[in-house]
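Summary of the model geometry
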Amino acid sequence: LSFLGLTKRYLISGRSMLPLLKEGDIVFLSRKKRDHLQRGSIVVFDDHGNKKIKRVTTLAEETCIVEGINAAESEVPHRIDRSQIRGVVRSVLSS
């Protein structure tokens, strides 16, 4: 996942979100990072200095569990703090 320019948009790399997102797609993030988070939201988050994109599967007050859509290419689910979320995907420009 690579940051592109001053707006919150990221270039997709990897296969964990197939078929929804594919390598080369560009995602645009909502400015409301955590306010309207819900189960099924696609989020960009910080993971030890790296940006990752995953789907929210479980919500708690301060944390959530996120995972990729493509089980064959995805890592194990992550429990993340809501403060790690950089934005919620609002639109996609397909490659």
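Residues numbered from 1 in each chain as written. Predicted model: local features only at pLDDT ≥ 70, side-chain atom pairs only at ≥ 80, totals over all residues. Heavy atoms only, no water.

1. A word on the overall build of the chain
When you go through the chain residue by residue, the secondary structure sums to 0 helices and 8 strands. Counting the 95 residues in the chain, one finds 38% classified as buried. Of the accessible surface of the chain, which amounts to about 5,700 Å², a share of 50% is contributed by carbon and sulfur atoms. (Helix = DSSP H or I, 4+ residues; strand = E, 2+ residues; numbered from the N terminus. Buried < 20%, exposed > 50% of the residue type's maximum accessible area, 1.4 Å probe, protein only. Areas by Shrake-Rupley, 256 points an atom, 1.4 Å probe, with all protein chains shown as cover.)

2. Comments concerning unusual backbone geometry
The omega torsion of the bond from Leu18 to Pro19 falls at 5°, within 30 degrees of zero and hence cis. Examined against the element boundaries, Pro19 turns out to sit in the loop between β2 (9–11) and β3 (26–29). Of note, the phi angle at His48 is positive, near 55°, even though the residue is not glycine. Structurally, His48 is set in the loop between β4 (42–47) and β5 (50–59).

3. Here's the deal with the pairing of β3
With 3 bridges connecting them, β2 and β3 associate as antiparallel partners. In the sheet register, Tyr10 faces β3, and the bridge partner there is Val27. (Pairing = 2+ DSSP bridges.)

4. Regarding the confidence of the model for the chain
When pLDDT is averaged along the chain, the result is 89, and 87% of the positions lie at 70 or above. The secondary-structure element of the chain with the lowest mean pLDDT is strand β1 (residues 2–3), recorded at 62, while strand β6 (residues 63–67) shows the highest, at 96. (pLDDT = per-residue confidence, 0-100.)

5. What to know about the nonpolar core
Core analysis: the biggest nonpolar cluster contains 10 residues, these being Tyr10, Ile12, Met17, Leu21, Val27, Leu29, Ile42, Val44, Ile53 and Val89. When residues of this core are traced back to their parent elements, those giving at least two are β3 and β4. (Core = buried A, V, L, I, M, F, W, Y, C linked by side-chain atoms within 4.5 Å.)

6. A look at the side chain of Lys54
Looking at the element boundaries, Lys54 is found in strand β5. The buried charged residue Lys54 lacks any salt bridge, with Glu75 as its nearest oppositely charged partner at 5.1 Å. Side chain to side chain, Lys54 and Ser16 meet in a polar contact 2.9 Å long. When residues no more than four places from it in sequence are discounted, the contact partners of Lys54 are Ser16, Met17, Ser41, Ile42, Val43, Phe45, Val66, Glu67, Gly68, Ser74 and His78. (Lys, Arg positive; Asp, Glu negative; His and termini not counted. Salt bridge = Lys/Arg side-chain N within 4 Å of Asp/Glu carboxyl O. Polar contact = N/O pair within 3.5 Å; in protein donor to acceptor, adjacent residues only side chain to side chain. Contact = heavy atoms within 4.5 Å.)

7. Comments concerning the environment of Ile53
When you line up the elements, Ile53 lands in strand β5. We classify Ile53 as buried; its relative accessible area is 7%. Distance from Ile53 to Tyr10, taken between C-alpha atoms, is 9.5 Å for residues 43 residues apart in sequence.

8. Here's the deal with the pairing of β4
With respect to burial, β4 is a largely interior element, 6 of its 6 residues being buried. Side-chain alternation along β4 places Ile42, Val44 and Asp46 on one buried face and Val43, Phe45 and Asp47 on a second face that is also buried. Across 6 bridges, the pairing between β4 and β5 is antiparallel. Across the sheet, Val43 pairs through a bridge with Lys54, a residue of β5. The antiparallel pairing of β4 with β5 creates a hairpin that spans 2 residues between the two strands, and His48 there sits at a positive phi of about 55°.

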